[in-house]
Amino acid sequence: MTDAITLTGRPPSASHLTLSQIMDQHHTNLMGTVHGGRILNLIDSVAGVVAARHSDGPAVTAAIDETAFLRAVRVGDVVHVDARITWAGRSSMEVAVKVSADRWDRAVPPVDVATAHLVMVAVDDEGQPRPVPPLLPGTDRRRYREAQIRREHRLALRRALLDGVEEG
């Protein structure tokens, strides 16, 4: 017999976060632009905070998929990493992240530089999955449905890959 845990649902706005950081020469690669790994680090860090806020505790990265780098980031760009929960299951959550950048010394509109979707899993003190509150998508039903489709694709891919391992 399992104990039923009732968690109150939360809207995406309850854990939404935007982090901004100025990129400097320490963030560059050999091409002289900001290293993609630095952008991925920011994406993962902000997604972790959003997932922890939604689940009221630690969450770890289970998958990063659909990451697209759209434009290079340069030294002096102010990078804005915007993340929100788009789906929540029993212990996992999908976090959508959009990265934009503008110049530190000019009033110019930000341009999109990267997007990503991460699967985060809430964990307890022993590192085991723990329940998360349901997501109340409200008016953001399109993002919620798209997240469900991505989840179905991830699970289908995982099954297919595991079937291939068992056959080979």
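Just above sits the structure.
The rules behind these values
Residues numbered from 1 in each chain as written. Predicted model: local features only at pLDDT ≥ 70, side-chain atom pairs only at ≥ 80, totals over all residues. Heavy atoms only, no water. Helix = DSSP H or I, 4+ residues; strand = E, 2+ residues; numbered from the N terminus. Buried < 20%, exposed > 50% of the residue type's maximum accessible area, 1.4 Å probe, protein only. Contact = heavy atoms within 4.5 Å. Expected span 1.5 Å × (residues − 1). Pairing = 2+ DSSP bridges. Axes fitted to C-alpha atoms, helices over the stretch in contact; angles between N-to-C directions.

A. Focus on the environment of Asp 44. Inspection of the secondary structure puts Asp 44 in helix α1 (residues 36-55). Accessibility expressed as a relative area gives 29% for Asp 44, which makes it partly exposed. Considered as a pair, Asp 44 and Val 95 are 51 residues apart in the sequence and their alpha carbons are 9.6 Å apart. Beyond its immediate chain neighbours, meaning those up to four positions away, Asp 44 contacts Thr 61 and Leu 118.

B. Spatial organisation of α1. Its 20 residues place the ends of α1 28 Å apart at the C-alpha level, agreeing with the 28 Å of an ideal helix rising 1.5 Å per residue. Within the span of α1, buried status applies to Ile 39, Leu 42, Ile 43, Val 46, Ala 47, Gly 48, Val 50, Ala 51, His 54 and Ser 55.

C. Just the side chain of Ser 100, in detail. Within the fold, Ser 100 resides in strand β4 (residues 92-103). Excluding its chain neighbours within four sequence positions, the residues that come into contact with Ser 100 are Val 78, Val 79, His 80, Pro 110, Val 111, Asp 112 and Val 113.

D. Representation of the sheet that holds strand β5 (residues 111-122) within the structure. Read from one edge of the open sheet, 5 strands run β1-β3-β4-β5-β2, paired in antiparallel fashion. Edge strands, defined here as strands with exactly one partner in the open sheet, are β1 (17-22) and β2 (59-69). Ignoring strand direction, the axes of neighbouring strands in this sheet form an average angle of 20°. Note: β2 against β5, 8 bridges, orientation antiparallel. The residue of β5 that forms the bridge with Val 60 is Val 121. Along the sheet face, α1 touches β1, β2, β3 (77-88), β4 and β5 and points at about 40° away from the line of β3.

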